[in-house]
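Here's the letter readout for the chains.
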Amino acid sequence: MNLKLKIWRQKNSTAKGKIVDYEVNEISSDMSFLEMLDVLNADLTEKGKEPVSFDHDCREGICGSCSLQINGRPHGPDGAITTCQLHMRKFKDGDSIVIEPFRAKAFPIVKDLIIDRSAFDRVQHAGAFVSVNTSGNTQDANATPINKVDADYAFDAASCIGCGACVAACKNASAMLFVSAKVSQYALLPQGQVEREKRVTDMVSQMDEEGFGACTNTGACEIECPKGISITNIARMNREFIGSNLK
Amino acid sequence: MTLGENFPAKTPEGPIEDKWTSYKNKIDLVNPANKRLIDIIVVGTGLAGASAAASLAELGYNVKAFCFQDSPRRAHSIAAQGGINASKNYMGDGDSDYRLFYDTVKGGDYRAREENVYRLAEVSGNIIDQCVAQGVPFARDYGGLLDNRSFGGVLVSRTFYAKGQTGQQLLLGAYSAMNRQIARGKIKMYNRHEMMDLVLVEGKARGIIAKNLITGDLERHSAHAVVIASGGYGNVFYLSTNAMGSNVSAAWKIHKKGAWFANPCFTQIHPTCIPVSGDHQSKLTLMSESLRNDGRIWVPAKEEDAKAIRSGKLKPTEIAESDRDYFLERRYPAFGNLVPRDVASRAAKERCDAGFGVNATGEAVYLDFASAMTRYGKEKALVTHQDASNEALVLELGKEIIATKYGNLFQMYEKIVDQNPYETPMMIYPAVHYTMGGVWVDYDLMTTIPGCYAIGEANFSEHGANRLGASALMQGLADGYFVLPYTIGNYLAKDIRTGTIPVDTPEFAAAEKSVQKQLELFINNKGSKPVDYFHKKLGKVMWDKVGMSRNGRDLKNAVKDIQAIRDEFYKEVKVPGDLNGFNEELAKAGRVADFLELGELFAKDALNREESCGGHFREEYQTPEGEAKRDKAFQYVAAWEHSGAPKDAKLHKEMLDYKYIEVKERSYK
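Residues numbered from 1 in each chain as written. Chains lettered and ligands numbered in written order. Predicted model: local features only at pLDDT ≥ 70, side-chain atom pairs only at ≥ 80, totals over all residues.

**Looking at the domain arrangement of chain A**
Residue and element names in this part refer to chain A. Formally: Annotation comment: domain bounds sourced from an automatic or database domain assignment. By definition, residues are in contact whenever their C-beta atoms, placed on the basis of the backbone, come within 7 Å of each other.
Assigned domains of chain A: these are domain 1 (3-110) and domain 2 (118-131 + 145-245). Using only C-alpha atoms to locate each centre, domain 1 and domain 2 end up separated by 28 Å. With 18 residues of domain 1 in contact, the opposing surface of domain 2 contributes 16 residues.

See below:
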């Protein structure tokens, strides 16, 4: 198939960016979306032009590197997957595709479609851990049984890949789904109890400091999350936050 | 020359069960106040690098950690699916440290160092304890205890897992331990930085030249020791299950500075990957080995059926049970579909080469869940007091169970192949997945460069000629959490009075200058072809001639082909953009340049090893039944010393001596 692409180009974080038109031809429907961009980039390189920069690494939907706002939707039109798993069979010959970086104040643009998501890391530095040293003398792994339902919910929350689609989908650029998933994982497990109150307070405080917006319960984050992280995590975090601050 | 003369493996004396303990009791320690005076660089933040960085920082060392990704959490350990082994014996099925040790040495076809493997088995249980304490959400049963499943090449259930995302959960655990140390200022994290070279001062590793991938600036970083945890080199094949950015460069740079490179030809070709669909393909996707717990592998028993399937005239579900060849169950009745990876891969290739392959390309076999769905469905129907003779109901219930076990893998398959694996069998084919070879290290995990360590997949150590499933996560975390933090102190104890290593020295200046020169060479080159053109060309030679089965003639040709591609690369490569700012093509050019050297050494090593063992299959050396034929004369680690060019690399042999395991024919029949 032949496609028209409208891609955000921006030389660096301070330069002014703009949408530039490109065409790609003879794209196979079995290609992934990023392989289609590989074709464009090989073509640009051969013509002596600078290829389009985008983040990507594992290309199997788990590392969270890839992003892209495709026709206005984080990770494109297909549900519950990342951009690297999106295949061209979701598009038709002659389609026009608009490709932009994820847009949020807390995710400044590095170049073209690459954004800086280090704000996510800093929120995690604030408290997304259990303070246990590597000693080899922690108690036996089976010493504390954990209710399977709680363990499964903790796993579901922990399966967040940190891609930032929730922020990009939110009209307020809120990071509540991301932060609440991590808070929930620890709140649900016995190992997370000791630092439970301090953790939620510190992480929320850092989240605010990074410039993410507030949550207005729109739910777009849950719809666009490639890993299906549930919005109930946000409710849990609100409860945790209020609980720890009313004491 | 034998390796032992210059660089002994330094394995401790005494019975194997006591070696690690007595070693730990005797090593030099660094007191806490002095640890604050010592800097350590860790390159790579996968399971090995992240766990090492966190543990070293907890001990009090100043750690500088580097990753080329935008966050340490994105290292490719994140993609490991199936699980992690530990000899906990929670299932009560007779597991023990010795049995895990035995299975690993046998699984590696007797080409790994006994002492290292025993230590690995010994600390495997600690890893699970540590991860649970960190809040890693492993799968549990209804009693709230940890669940286990089986992996290939063993007869016990010792694999801990978190759905099909075990690597993700373990890496996020190690990342959380890093975050705690980053917050305390004990780890300084350098994201989007690539190590460009190692700096030696008076023969010791004392720092690195790193490139800031955003600004393009070269930076000098010094330390008292440098730890390489940069993963494997499977991307030398271009198509592999590795991430796009996975590369050999850090390991290769230290090789060129004096670290010997061991067994480069030992590569794992994983049997269950989604088959290649076309030339556009940029990477291959693994379907976890855990699927072989429930999936049965088969091809049509009649060649005409295989032909009809390839041309689209017949569907796999239309082939009668009696016309299917479950070739693993047929050839290896004792282990069946759970034979080790190298054995399963070769068996699939043998059937496809013989004309029984499916898919339009003829390069695929089926992985079928129909009988597992029926089995699970019947059990569920009985337990829930429903009609177990109702086939439709049984199938429906069975599908639900399979979905809870492997849902994410089935979804991934459907997105890529556009077929529903609940309705029709999956198609799979072997693909490059892991490299057992790597930088040679001694018992301390130190390379042949003093003060330079290699851990995780980057070193050659525990897996011999074939790695068993769920052992990579175990080794990465063992090295990072429980081995290196002890052994590195033994070296650093002598460095407490050294003080900060200055970077304004001729050694750093010279290293930076040579990096700068190579970058300029790429940017100023007047070529016409993009980097990927050469990478794909190299990958094709590697797959065709140095892949799943190898022979002397092809290997000799491969050496020549790779040399020719390398010459062409330096003449014809075109790297757009400039030296400053983010330039992915420039980063790729440097990585492919290193692959073009490693590839040649790889082929040379495969040519030298005139035997078949594990993942290394030489067609000239096989039993009448087509199984790998080992040769006692090659019971050694081949460690290569750099000497100008790959063709001139010098071979050193570390002879392997088996005192605790009897070397037998490796049979899974």
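**Overview of helix H4 (residues 97-107) of chain B**
Residue and element names in this part refer to chain B. Just so we agree on the cut-off: The burial label depends on the number of other C-beta atoms within 10 Å of a residue's C-beta. Counts of 20 or more mean buried, 12 or fewer mean exposed, and intermediate counts mean partly exposed, with C-beta atoms placed from the backbone. Helix and strand assignments follow DSSP, with helices taken as H or I runs no shorter than four residues and strands as E runs no shorter than two, numbered in order from the N terminus.
Extensive coverage of H4 is indicated by the burial of eight of its 11 residues. For H4, the complete set of buried residues consists of Asp97, Leu100, Phe101, Asp103, Thr104, Val105, Lys106 and Gly107. In this structure, the buried residues of H4 make contact with strand E3 (84-85) and helix H5 (114-134). Asp109 occupies a position one or two residues after H4 and carries a positive phi of about 55°.

**Remarks on the pairing of strand E5 (residues 96-100) of chain A**
Residues and elements named next belong to chain A. Let me state the cut-off plainly: Strand pairing is defined by DSSP finding a minimum of two bridges between the two strands.
Here strand E1 (residues 3-9) pairs with E5 via four bridges, running parallel. When the bridges of E5 are listed, Lys6 appears paired with Val98. Across two bridges, strand E3 (residues 69-70) lies against E5 in antiparallel orientation. Across the sheet, residue Ile70 finds its bridge partner in E5, namely Ile99.

**A closer look at the sheet that holds strand E4 (residues 73-74) of chain A**
Residue and element names in this part refer to chain A. A sheet is described by the order of its strands in space; here five strands give the open sequence E2-E1-E5-E3-E4, paired in mixed fashion. Lying at the two open borders of the sheet, with one neighbouring strand each, are strand E2 (18-24) and E4. Sheet topology places E3 next to E4; two bridges connect them, and they run antiparallel. Across the sheet, the residue bridging to Ile70 is Arg73, located in E4.

**Points about the nonpolar core**
Operational definition: Put simply, a nonpolar core is a cluster of buried Ala, Val, Leu, Ile, Met, Phe, Trp, Tyr and Cys residues tied together by C-beta atoms within 7 Å.
Formed by 293 residues in total, the largest nonpolar core has its most connected members in A:Val167, B:Ala53, B:Val227, B:Ile228, B:Val365, B:Val439 and B:Tyr453. Here this core gets 13 residues from one element, more than from any other, and that element is helix H17 (residues 584-608) of chain B. The residues touching B:Val439, leaving out its near neighbours within four places in the chain, are B:Ile228, B:Ala251, B:Ile254, B:His255, B:Ala259, B:Phe261, B:Ala262, B:Thr447, B:Ala454, B:Ala458, B:Asn459 and B:Phe460.

**Looking at the domain arrangement of chain B**
Residues and elements named next belong to chain B. On domain assignment, one finds that chain B holds domain 1 (273-432) and domain 2 (504-635). Relative to domain 2, the C-alpha centre of domain 1 lies at a distance of 34 Å. At the junction of the two partners, domain 1 supplies six residues and domain 2 supplies five residues. Among the elements that line the side of domain 1 that touches domain 2, the one with the most residues is helix H10 (residues 341-356), at five residues.

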